[in-house]
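# Per-entry structural report
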Amino acid sequence: METNRVTIIRQFSILLVALLVANSAYGELVIRVTEGNDQPTIIALSPFDLKGLKVDEDITDIVQSDLLRSGLFKLIPRSDMLAFPSNSSDVYYRDWRLLGAEYLVVGSMSVLSDGRYELEFSLLSINSQKIQFTHKVRSSSSKMRDLAHSVSDKIYKSITGIRGAFSTRLAYVSVIREGDDFTYRLKVADADGARESLMLESKQPIMSPNWSPDGKELAYVSFETGRPAIFRQNLATAVRQQLTDFKGLNGAPSWSPDGLSLALVLSKDGNPEIYSLNLKTYKLTRLTRHFAIDTEPTWMPDGKHILFTSDRGGTPQIYKLRLADKSVERITFKGNYNARASMAPDGRTMAMVHRSSSVFHIAALDLKTKRLIELTETTLDESPSIAPNGAMLMYATKYNDRGILAAVSVDAGVKYNLPAKIGDVREPAWSPFLR
């Protein structure tokens, strides 16, 4: 048991070392799709007619990039298009059928009386020669990327039946090295890596960002006080609140689905255990009592159970805690190491760090059928975070000796990387739906 205890502590230390050896510069994340669906849906995006209006973003390009990043679509190049219709009445279906298109998107922009921009767009089925839908989205001139992601979400859901997650955001940690000094940065960006913004900068490590269910706050661990402490921060106002300051470990905050509590790990009583913190009364409730290390809590969507990692069975495995009676059930059995659980919204699919031999991969476990799929083929994969629509998950890995973020679909059919232009990134956390 002592060997396994050392293993878990060592994994914690390895994460800190990985942060410390990060490169000395940073930049926005970039998208590199490495594997797509074998039979992608072929779609054409006719450039939206802006009617002479000047906007800061190319809305058509953003939508095209969103759909390409999903790995489920193949876009017809503009250079192959015979015409650029902006209205469904101007579409000659035969021309698009000759190009192999299954769907076509057309649309045009206008300005409303209140100064906002309105984009009216339609999705057309080429094979059935009919309009799938016509929809309007509105935005101020400063939020054209939000408008574009809304368009992508609508198209994605209409074709796949799954809610699009292009309008969501990512939180992650980067580290800047300048000589022997390190600067840690907690950042938030769009799901495509754009509009990167700085939430916190510190000379001490920042770890484990976790979104509130309304997407307005982050909880995270900061070492700025000289030891790990848990903070919450409002993203709009930047107002911060320190929640814990106990001796020993204060780590792994996880927001409850109702936003009223945090699950966290404390060693204030001598051993790492799972606690819950009521965010109104600040009352702590101890949830586990075991001589083993219990860590990495994450709430299940029903709000009645918490998953956590423990070595109480001899090796690090994932367990399920029932809050009503604090009973514990082991969930994982395949592999000699399973940790860092992340739940899909359906409450059935669980992503985790999995090791069956000597290599750490990201795997998905169907909690109903017990079927386990290894989703990644890289090494040193960690920190999985599932998108709010359950279709993709983000994780941290190494590429060309650099820490990067990567994404994979839950069936392993789609993969893409999000390296920073310069430097390393770690600890991804995918936001909930924001509207």
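Residues numbered from 1 in each chain as written. Predicted model: local features only at pLDDT ≥ 70, side-chain atom pairs only at ≥ 80, totals over all residues. Heavy atoms only, no water.

## A few points about the overall build of the protein chain
The test is simple: Per the convention used, a helix needs a DSSP run of H or I reaching at least four residues, while a strand needs a run of E reaching at least two, with both numbered from the N terminus. The globule rule used here is 2.2 Å times the number of residues to the 0.38 power, and the radius of gyration it is set against is calculated over C-alpha atoms. The contact criterion used throughout is that any non-hydrogen atoms of two residues lie within 4.5 Å. Working definition of accessibility: Shrake-Rupley area with a 1.4 Å probe, residue cover restricted to the visible protein chains.
Counting its regular elements, the protein chain contains four helices and 30 strands. Taking 22 Å as the expected radius of gyration for a compact globule of 435 residues, we find that the protein chain reaches 23 Å, a close match to that expectation. Counting only C-alpha atoms, the protein chain reaches 70 × 45 × 45 Å along its principal axes. Considering only intrachain contacts with a sequence separation of at least 6, the fraction spanning at least 24 residues in the protein chain is 44%. If you sum the accessible surface of the protein chain, you get close to 19200 Å²; carbon and sulfur atoms cover 47% of it.

## Things to note about the packing of helix α2 (residues 59-69) against helix α4 (residues 144-160)
Note the cut-off: Think of each axis as a best-fit line through the C-alpha atoms, taken over the contacting stretch in the case of a helix, with angles from 0 to 180 degrees between the N-to-C directions. Orientation labels follow simple angle bins: below 35 degrees gives roughly parallel, above 145 gives roughly antiparallel, 65 to 115 gives roughly perpendicular, and whatever is left gives oblique. Left-handed describes a crossing whose near helix is turned anticlockwise from the far helix through less than a right angle; right-handed describes the clockwise counterpart. Just so you know the grouping, Ala, Val, Leu, Ile, Met, Phe, Trp, Tyr, Cys and Pro go in nonpolar, Asp, Glu, Lys and Arg go in charged, and all remaining residues, Gly too, go in polar.
At their nearest, the axes of α2 and α4 sit 9 Å apart, and the two run at 45° to each other. With respect to α4, the axis of α2 lies oblique. Our pair here, α2 against α4, has a crossing hand that is right-handed. The residues of α4 that touch α2, namely those facing Ile-59, Ile-62, Val-63, Asp-66 and Leu-67, are Met-144, Arg-145, Leu-147, Ala-148, His-149, Val-151, Ser-152 and Ile-155. Class assignment for the residues of the contact of α2 with α4 results in nine nonpolar, two polar and two charged.

## Considering the confidence of the model for the protein chain
Cut-off, in case you're wondering: One number per residue, pLDDT, summarises how confident the predictor is, and it ranges from 0 to 100.
Confidence in the prediction for the protein chain averages 90 pLDDT; 93% of positions are at 70 or higher. For residues 1-27, every residue scores under 50 in pLDDT, and the model assigns this stretch 59 contacts once sequence neighbours within four places are set aside.

## Regarding the pattern of salt bridges
Applied cut-off: Salt bridges are counted wherever a side-chain nitrogen of Lys or Arg sits within 4 Å of a carboxyl oxygen of Asp or Glu. When accessible area is computed with a 1.4 Å probe and restricted to protein chains, residues below 20% of their type maximum are described as buried, those above 50% as exposed, and intermediate ones as partly exposed.
Inspection of every chain in the model, using the stated rule, returns 27 salt bridges. A salt bridge links Asp-325 to Arg-322; the nearest nitrogen and oxygen atoms lie 3.5 Å apart. Judged by relative accessible area, which is 44%, Asp-325 ranks as partly exposed. In this structure Arg-322 comes out as partly exposed when scored by relative accessible area, which is 41%. Connected through salt bridges with shared partners, the residues Glu-57, Arg-145, Asp-146, Arg-169, Asp-190, Asp-192 and Arg-195 form a single ionic network.

## What to know about the sheet that holds strand β30 (residues 425-430)
What counts, and what does not: Note: two strands are recorded as paired if DSSP finds a minimum of 2 bridges between them.
The four strands are arranged β9-β8-β7-β30 in an open sheet whose pairing can be described as antiparallel. Taken across any chain shown, the strands that pair with only one partner, and hence form the sheet edges, are β9 (197-202) and β30. Going from strand to strand, the sheet's axes swing by 20° on average, the running direction of each strand aside. When strand β8 (residues 181-190) meets β9, the two strands line up antiparallel, connected through five bridges.

## Quick notes on α2
Note that an α-helix has 3.6 residues per turn; residues three or four places apart therefore point the same way. This is how it is decided: Pairing of N or O atoms within 3.5 Å defines a polar contact, subject to two protein rules: one partner must be a possible hydrogen donor and the other a possible acceptor, and residues neighboring in sequence count only if both atoms are side-chain atoms.
When α2 is considered as a whole, its buried residues turn out to be Ile-59, Thr-60, Ile-62, Val-63, Asp-66, Leu-67 and Arg-69. Capping the start of α2 is the job of one residue whose side-chain oxygen sits 3.2 Å from the backbone nitrogen of Thr-60: Asp-58. Just downstream of α2, Gly-71 is the residue with a positive phi angle, here 75°.

## Considering a positive patch on the surface
Defined as follows: Patch building starts from residues that exceed 30% relative accessible area and form no salt bridge, then joins like charges within 9 Å and nonpolar side chains (Val, Leu, Ile, Met, Phe, Trp, Tyr) within 5 Å. Positive charges come from Lys and Arg alone, negative charges from Asp and Glu alone, with His and the N- and C-terminal ends not counted. Positions of charges follow a simple convention, taking NZ of Lys, CZ of Arg, CG of Asp or CD of Glu.
A contiguous patch of positive charge on the surface is contributed by Lys-154, Lys-157, Arg-163 and Arg-435. Along the chain, Lys-157 turns up in helix α4. Since its relative accessible area comes to 47%, Lys-157 is described here as partly exposed.

## Details of the environment of Leu-99
Inspection of the secondary structure assignment puts Leu-99 in the loop between α3 (93-98) and β4 (103-111). Classification of Leu-99 as partly exposed rests on a relative accessible area of 27%. Each C-alpha atom of the pair Leu-99 and Asp-80 lies 7.8 Å from the other, and the pair is 19 residues apart in sequence.

## Here's the deal with the nonpolar core
Nonpolar side chains in soluble globular proteins tend to be buried together. Put simply, the rule reads: As used here, the term nonpolar core means buried Ala, Val, Leu, Ile, Met, Phe, Trp, Tyr and Cys residues forming a set that is joined through side-chain atoms within 4.5 Å.
If you look at the biggest cluster of nonpolar residues, it comprises 44 residues, and the most contacted ones within it are Ile-43 and Ile-155. At seven residues, the largest contribution of residues to this core is made by α4. If you look at the next biggest cluster of nonpolar residues, it comprises 17 residues, including Ala-171, Tyr-184, Met-199 and Phe-231.

## Description of the environment of Ile-176
Mapped onto the elements, Ile-176 comes out in strand β7 (residues 169-178). Under the relative-accessibility criterion, Ile-176 is labelled buried at 3%.

## Looking at unusual backbone geometry
Not every positive phi belongs to a glycine, and Ala-238 is a case in point at roughly 70°. Mapped onto the elements of the fold, Ala-238 is located in the loop between β12 (229-234) and β13 (240-242). Judged by its relative accessible area of 45%, Ala-238 is partly exposed. We note that Glu-427 has phi near 55°; this positive angle belongs to a residue other than glycine. A relative accessible area of 1% places Glu-427 in the buried class.

## Quick look at α4
To be explicit about the condition: The span you would expect from a helix comes to 1.5 Å times its residue count less one.
Taking 1.5 Å per residue as the helical rise, α4 with its 17 residues ought to reach 24 Å, and the 24 Å between its terminal C-alpha atoms agrees with that figure. Most of α4 is tucked away: 12 of the 17 residues are buried. Considered for burial, the residues of α4 that qualify are Met-144, Arg-145, Leu-147, Ala-148, His-149, Ser-150, Val-151, Ser-152, Asp-153, Ile-155, Tyr-156 and Ile-159. Two residues or fewer after α4 comes Gly-161, characterised by a positive phi angle close to 85°.

## With respect to the packing of aromatic side chains
Aromatic ring pairs are reported here in terms of the distance separating the ring centres and the angle at which the planes meet. Applicable threshold: Aromatic rings from Phe, Tyr and Trp, taking only the six-membered ring of Trp, are treated as a pair when their centres fall within 6.5 Å; an angle between ring planes under 30 degrees marks them as stacked, one over 60 as edge-to-face, and anything in between as tilted.
Evaluated as defined, the whole model comprises six aromatic pairs. For the pair Phe-121 and Phe-133, a centre-to-centre distance of 5.7 Å together with 90° between the ring planes defines the contact as edge-to-face. Linking Phe-121 in strand β5 (residues 117-125) with Phe-133 in strand β6 (residues 130-139), this pair joins segments that are 12 residues apart in sequence. Residue Phe-121 shares its accessibility class with Phe-133, and that shared class is buried. Three or more aromatic residues link up through ring pairs in this structure, and these residues are Phe-73, Tyr-156 and Phe-166.

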